[in-house]
Structures are given as C-alpha cells and as structure tokens.
Number of protein chains: 2
Amino acid sequence: MIAAALRDGTAHRSCVFEVFARRLPDGRRYGVVAGTGRVLDALDRFRFGDDELAIARTFLDADTVDWLADYRFSGDIDGYREGELYFPGSPILTVRGTFAEAVLLETVVLSILNHDSAVAAAAARMVSAAAGRPLIEMGTRRTHERAAVAAARAAYIAGFATTSNVEAARTFGVPSGGTAAHAFTLLHTGPDGPDEEAAFTAQVAAQGPGTTLLVDTYDITEGVKRAVKVAGPQLGGVRIDSGDLGIITRQVRAQLDALGATGTKIVVSGDLDEYAIGALRAEPIDLYGVGTSLVTGSGAPTAGMVYKLVEVDGLPVAKRSSHKETHGGEKRAIRLARATGTIVEEVLTPPGIEPSVPSHLTATDLQIPLVRGGDRVSGLPTLTDARERLRAALVSLPWEGLGLSHGDPAVPTRFEAAR
Amino acid sequence: MIAAALRDGTAHRSCVFEVFARRLPDGRRYGVVAGTGRVLDALDRFRFGDDELAIARTFLDADTVDWLADYRFSGDIDGYREGELYFPGSPILTVRGTFAEAVLLETVVLSILNHDSAVAAAAARMVSAAAGRPLIEMGTRRTHERAAVAAARAAYIAGFATTSNVEAARTFGVPSGGTAAHAFTLLHTGPDGPDEEAAFTAQVAAQGPGTTLLVDTYDITEGVKRAVKVAGPQLGGVRIDSGDLGIITRQVRAQLDALGATGTKIVVSGDLDEYAIGALRAEPIDLYGVGTSLVTGSGAPTAGMVYKLVEVDGLPVAKRSSHKETHGGEKRAIRLARATGTIVEEVLTPPGIEPSVPSHLTATDLQIPLVRGGDRVSGLPTLTDARERLRAALVSLPWEGLGLSHGDPAVPTRFEAAR
C-alpha cells in the first residue's frame, strides 16, 4: 500500500485513523482500554533497522525501502486513558498523520490494544466477582511468553493484586509474588515414600512461616495438619489447587481455626474464571489465583478492535460494504452521567460540533492528547492512575453493567451527525 | 522453590519432568505439537543478566541469586517432533536434569508449547476444511505483537501457505505475502468523492496486474468491473472481505469469467474459521485469508499442557489430588498403526519395558533426542520437516479424526504399567 501510495503521491495526504470495536465480545457489558502505554512505548521504538530493511528489499522498491529507513512518526495521537471503559464505536485511539506514516502503525497498535484490552476486560469481571478479595495473576504458562508479560500488566490495571510474572515486575513495576508447585512437594520423596513434611520444612526455612504452603498434593487434611505443625499457627497461608473448593475450603477453615491458625489465609486456584470466583463468594477464601481464563480473556481472547481510515484531507470517508459500515469523519467522544455519577450514554460527535446534553446530565470528554508531532506528551497517566481510573469507572456503571450474565452493552453509543 | 531446595540440598536431585496435556480442548480429535524449535531457541538464550539478577535480588537470598547468575541447563531433553500429533497424556517433552535446573524451565517451555500448539491445532483443522485450497495467515493484529510472529510459524507448520507477518518471514523464513486494505481504496477520495479506479490503478502500477485487488469497499460488481478494466483479464486476484461469501463468490466468478478474467483468483476473508471454510467448500474460492480465529486457536487459545515432575532419583512420583492425578515415572511413547497406516492407539510404557504390540499392528517410537548435556543435538527437523510430518500424520488418522464436529480423541491413550 505504501509503495503504491508513494508512487501516486497519495502517501502524503493528511489522514485520520480511528481505533474502535464494532461490538463488544459476546454478551459483555463493557470493554476496558488497556495497552495504550505499551503502544506509546512501541511507537518510541518503531524504526526499521538493517535486518528489517534487508527483508523489505526483497519485496519492495528502493524508494519505499528508503522511506522506511527514514521512518519516524511525526503526527498526533489522541485516545482514551488506560483503564477507561469503552463501548461499541468508542474511538479509543485517533491517529492523525500522513497516510503512509499512520497506516504503517495499524498492526502494532491493534496487536497491543486487542490483546491487552481483552485481558483487562476479563480481569475486571474477575475482580468484580471477587468482591474485594485479592486476586493473583498466575497465567504465564498458558499463553505466549511475551504476551504473558503484557497480560500481567493488563491484569494489574484491572485490579489484580499481584502477578507471578517477575518480568512484569521488572518491566512495568507490577507487584509480584510466587507460590510453590506440587513438584516441590513431590521432590521430597525418598525410598520410604513421600515426605510432605520435609517439603514444608524446607519452604518455611527459606521463606519464613508467613509463606503459603500448598496442601493438596496428597491428602488435604493431613497436609493442613503438617503445614501448621511445621510453620506454627502463624502460618501465612495454605493453597488448595483441586477438588470441590466450596466444601474443602470450609473444612480447611474449620481445621485451621481448631489448630489455632485463625489468621492463616486460604488461597485457591485451579481453572478459576469469573463465574467460579463468583460462585465461591460465600466460602472462607482469602485469595484467588487465576491463570488460564485470565490470559485467554475468559472466552474473548481478542478485543476485536479495528483501525479505520475515517478522514482524508479533511473529508470523511467510509466503507460501504455490507455489515461493516464505518462512520466517516473524526469523532469527539463524551460520556453522559447523572448527578449520582451513573453513566447513561456514550456520545460521538464530529469535532467542533457541541453535543446536545440534557440539563440533568453532565458530559465528560474521554479523549486526551497522547502524542504531538511524533513525541509523547508529558504527564500521561501512570499504571497506578489506570488502575484507579478503572476502579472509579466501574462504580459509574448502571447496576446491571456489573452483572456477569450475558447482556447488552451497559450504556448505548449515539453517533451525532454533523448539523 | 529453588531457594528452599538449594538450602535443603534437594535442588540437585536427579529429576524427570514431562510435558503433556491431560485432555484435548473440548471436542477436539487431536493435538498438534508446535513450538519445540522455539523452546530450543529459548533454551539457548536462557540466562540471567544484570537486569534480571537485580530484581531477583529483591526477593531471593544471595546463594540463589548466585546460582541464577551461573544458570545454564546441563541436562537432556527428548520430545515429540514438531508437527507430530498428540493425544491426552502424550509425553510431548521429557526434561531430565537436577530439580533446580529443570523446574526453572517450566514456564518458558509451557508458554511456548501451549501457545504454538493451540494455534497449530486450530490451523490444521482449517487446512483440512479447505481441502487443498491454500490459506493465508493474516491474524497479527488480533493477538499480542510477539505472539503473532509465533502464530505465523505455527500456522505454517500446520499447512498455511503464507503469512502477512513479515517478521515471521525474517525470523523463521515463513513465506510472506500481503494484501491491500480498505484504507488504501478510501485514501483515493477527492472533492468529487470516492475514486476506486485511482486506487486500483496505483496498486497495479506498483505491483503489476498479478496483484490482488480488494473489490468490496463500495459496490462489489462495480469493483470487479473496475479491477478488470484497470489490470486487464490477467488480473491476479480479487479479494472479498464481507457479505454472504457463498452467493457473492459465485456471482463474482461468473462476472470475472464473462469479462475474460478466467484465471483471476477469488480470495475471501472476514471472520473465517474452520466451520466457515468448510461451509464454503462448494464455492468458487481459490484462497482463504484467516485472522482472528487462527491466532486465538479457534475457541481453544491454549493447549492446556502441564509440566509435571514424574521421577526423583529414579523413583516415580505422582500427585494424588482429586481429578488431577498424574502417572508417575518417565514414559516411552509409541503409536500403533494398521498395515494401511491408520493409527489405532497411543501406548505409554515405562522405559525398558517392551510394549505389547499385537502382531497385525506396527509400532513407531514418537520421542527423539533434542538436547544432550545442555546442547541441542544436530540434525533436528526443520520447519519444512514439521510441515511435512503433520501432513503425513493427518493422513494416518482414522476417518472420523478429521471431522470438524466435536468428539473424542481420534485414538485412545493406553498407559502400560511396569510389570
């Protein structure tokens, strides 16, 4: 596309691209913007080095390769803040620049936002279902090795307490924590058979009694007894990774309390998703460890966002193919809320057109400047800001918006036409 | 775990870990091993540098950090070849080494195999459904930016013809190809409105008449007419990305033939999965472009493999928790087939025990040496070998194994106990 556009001169036309999702994943009530910070990091590094140019030369003409060698995005980007909610049509990112410089970013922008937002949306539902109890991200082994690092970041935005991915701690400052696996208990096997007590003793020697011991390798009741015997009643926690967690956690709580370990926490894990977490709400569980369903978006592994050209040289453009119509023209996004803070509508208007806001509602602009002249603007929200934003945004949803059941988007999106 | 095991001396015990899937994703008939080559690449690079050690120091004792600083895997790895089929329990990878050196690889090994095998299994079903027509991988924008490169590699193993991911071409030598997007057509809009012909003219000028023109931005019939007008009847292809592809492709084929463009290929894309591909089998379609469903494993985004300790100092070990039992002890894997080549059973035996093979069946060993003393063995299968292996393996399935409908694994797995 760039080769052809450089050749006929259209490459330099002034363009606006918008990132949005045509719809939310099946039955979801809201989306969560995540990945914007990673998009800006990627933009800083988005250059073509010798290796990349070498392969470009195998299928592109010299003029296009030269253009790639000099590539540096020089345009403007606006977008929703990370941690903000979005709904169908929400212009999550608006990229302004020449056709060539802006179209080249399509893939990296969508890859990041589609992945991170999918994980964050699933994570937010799990956090809601946990109703204040902390969640641990432990899905690294169930997704691509680099995707896992981004997933831990997205989960943190959504309210997860910690991650088991130390690289996410290193790269993004996500709080990290770990746990022992069954292999560690099994390792302590000798000619006389399993020796769970030796495993617990070794772990407590290394980590102190505040550690969490995995008690379900053999017999859970015996495991709990041994754990308290080794660590004392000040044992930090026990983890249970299998079985009927409702029944077992009640038994384990009673057993711990009877042993005087009233402060010992119960951590559960094992194929949990938002529904399983919700179903365990009445049980004496202190922490949930979530893996597979988190990193795979709990049934919606991609947010399905698209990157669409909406304006060329100031003129709105739109595809007319069946079922894939886009709304031409750059859009300003505002969200209307009642005095109570409950949101009622997402309104998209052409820039310069003041949206009609009923007098009993307040309007909040959703887009902020992210990049100007190719450079990231200063003072952008941090990861902690994103986490706080989502926490506040979820409170603003109409009550049915936090339901786990399938339904329509929590608020409608209205496209206001130019007048 | 390593800190505690270094302290009590168990870190140096001789261990065997096995990678396997307890079950296939819901209703799937077979799994496809993919990622083994990437695991070996990752092993070559698996070292702890200053940045990694700095964060390790924040939560690990000095002895453990020193051990990490010197880390280099020195053990042996055997495994199934890439492109091989697997079934529940198949020991896809067997890692032998000390506890500490082997347990440390769990996450990277599982991340790679779970991701790549999930994509390859979905891709293989799509290739089967396409019944010989080529498929193009174009899902990069719907998954994490690095996962996308691995997904393109996995799709190639599974039989996809090309990828739109140029980084996969650069890194792994996967054949790549591209296509124009609607944005390129929309770019050619002026004060007088859309100018599809200008877009087609620019593309043909840059790529020659053998290019594939996207004809569904406005009106498909007009688009096809303009495409042939601009490129002539030697036009390489037209792409259709929306609408009822069955009806439309028949109309477009008739129109192309009437215009003399009898050799022009029809490429379809747009939310295709293996079911949609199968349903279009009777239509005049020459190429399928597949994105989202491929990179997300078409409903099964992870293969759900686990990395389990099965042997310590020569003794079998196994977890006894409910529903998560593992079969202790290292296993040798063979596959039994009839004289026709059709496979009938996967048999797992303790090493040194000759499996019982009925006289009318032949047995094939499934594991090959991959790493010896920490070094990759020479002459391992290439990506092309993996592709050929899967092609041959799919032919060996019982006929119901290639069905797209949900069902049981195509062949059972039998665990043969030590005698």
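(A) Unusual backbone geometry, seen in detail. All names here are of chain B. Of note, the phi angle at Asp271 is positive, near 55°, even though the residue is not glycine. Mapped onto the fold, Asp271 is located in the loop between strand 12 (265-268) and helix 13 (274-279). Residues other than glycine seldom take positive phi values, yet Ser298 does so here, at roughly 45°. Note that Ser298 resides in the loop between helix 14 (292-295) and strand 14 (305-312). Since 22 C-beta atoms lie within 10 Å of it, Ser298 is described here as buried.

(B) Representation of the confidence of the model for chain A in the model. Summing up the model confidence of chain A, the mean pLDDT is 95 and the portion of residues at 70 or higher is 98%. As scored by the predictor, the complex reaches a pTM of 0.97 and an ipTM of 0.96.

(C) Region of the structure containing the relation of the copies chain B and chain A. Least-squares fitting of chain B to chain A yields an RMSD of 0.0 Å, with the superposition described by an axial translation of 0.0 Å and a rotation of 180°. The superposition of one copy onto the other is thereby described by a two-fold rotation axis. Mapped onto chain A, 100% of the interface residues of chain B are again interface residues, and the two copies thus contact each other with one and the same surface.

(D) Structural view of the sheet that holds strand 20 (residues 375-376) of chain B. Residues and elements named next belong to chain B. Taken together, the seven strands give an open sheet; going across it, the order is 15-14-1-5-3-19-20, and neighbouring strands pair in antiparallel fashion. A single partner strand is all that each edge strand has here, and the edge strands are strand 15 (315-316) and strand 20. With four bridges joining them, strand 3 (residues 76-80) and strand 5 (residues 93-98) adopt antiparallel strand pairing. For Gly79, the partnering residue across the bridge sits in strand 5 and is Leu93. Against the sheet, helix 6 (residues 106-130) engages strand 1 (14-21), strand 5 and strand 14, with an angle of about 140° to strand 14.

(E) Just the sheet that holds strand 13 (residues 287-290) of chain B, in detail. Residue and element names in this part refer to chain B. Strand order in the open sheet made by the six strands is 7-6-13-12-11-10, with parallel pairing throughout. Each edge of the open sheet carries a strand with a single partner, namely strand 7 (162-163) and strand 10 (212-214). Strand direction decides the pairing type here: strand 11 (residues 237-240) and strand 12, joined by four bridges, are parallel. Across the sheet, the residue bridging to Val238 is Ile266, located in strand 12.

(F) Structural context of the interface of chain B and chain A. Each partner contributes to the interface: chain B provides 69 residues, whereas chain A provides 69 residues. Considering every element that reaches the side of chain B that touches chain A, the biggest residue donor is helix 6 of chain B, with eight residues. Tallied by class, the residues present in the side of chain B that touches chain A amount to 31 nonpolar, 22 polar and 16 charged.

(G) Highlighting the environment of Gly37(A). Residues and elements named next belong to chain A. Tracing the sequence through the fold places Gly37 in helix 2 (residues 36-45). C-alpha of Gly37 to C-alpha of Glu346: the two residues are 309 residues apart in sequence and 23 Å apart in space. Apart from the residues within four sequence positions on either side, Gly37 is in contact with Glu82 and Leu383.

(H) Examining the domain arrangement of chain A more closely. Residue and element names in this part refer to chain A. For chain A, the domain assignment lists domain 1 (2-119 + 300-331 + 364-415) and domain 2 (128-297). Distance between the C-alpha centres of domain 1 and domain 2: 37 Å. In this complex, domain 1 contributes 19 residues to the contact, which on the side of domain 2 involves 20 residues. Considering each element in turn, the side of domain 1 that touches domain 2 owes the most residues, six residues, to helix 15 (residues 383-395). Broken down by class, the residue content of the side of domain 1 that touches domain 2 amounts to twelve nonpolar, two polar and five charged.

(I) Structural detail: the environment of Ala4(A). Relative to the elements of secondary structure, Ala4(A) occurs in helix 1 (residues 2-8). For the pair Ala4(A) and Leu383(A), spaced 379 residues apart in the sequence, the C-alpha separation amounts to 40 Å. Each residue touching Ala4(A), except ones within four places of it in the same chain, is listed here: Ala202(B), Gln203(B), Ala205(B), Ala206(B) and Gln207(B).

(J) A look at helix 7 (residues 147-157) of chain A. Residue and element names in this part refer to chain A. Of all the eleven residues making up helix 7, eleven are buried; the element is thus mostly covered by neighbouring parts of the structure. If you check which residues of helix 7 are buried, you get Ala147, Ala148, Val149, Ala150, Ala151, Ala152, Arg153, Ala154, Ala155, Tyr156 and Ile157. One or two positions beyond helix 7, positive phi appears at Gly159, with a value near 115°.

(K) View of the nonpolar core. One finds Val119(A), Ala123(A), Ala158(A), Val119(B), Ala123(B) and Ala158(B) to be the most contacted residues of the largest nonpolar core, which totals 267 residues. The element contributing the most residues to this core is helix 6 of chain B, with 16 residues. Not counting chain neighbours up to four residues away, the residues in contact with Val119(A) comprise Ala34(A), Ala151(A), Ala154(A), Ala155(A), Leu294(A), Val295(A) and Gly297(A).

Reading the values: rules and limits
Residues numbered from 1 in each chain as written. Chains lettered and ligands numbered in written order. Predicted model: local features only at pLDDT ≥ 70, side-chain atom pairs only at ≥ 80, totals over all residues. Helix = DSSP H or I, 4+ residues; strand = E, 2+ residues; numbered from the N terminus. Buried ≥ 20, exposed ≤ 12 C-beta atoms within 10 Å, placed from the backbone. pLDDT = per-residue confidence, 0-100. Least-squares fit on C-alpha atoms with pLDDT ≥ 70 in both. Contact = placed C-beta atoms within 7 Å. Pairing = 2+ DSSP bridges. Axes fitted to C-alpha atoms, helices over the stretch in contact; angles between N-to-C directions. Nonpolar A, V, L, I, M, F, W, Y, C, P; charged D, E, K, R; others polar. Domains from an automatic or database assignment. Core = buried A, V, L, I, M, F, W, Y, C linked by C-beta atoms within 7 Å.

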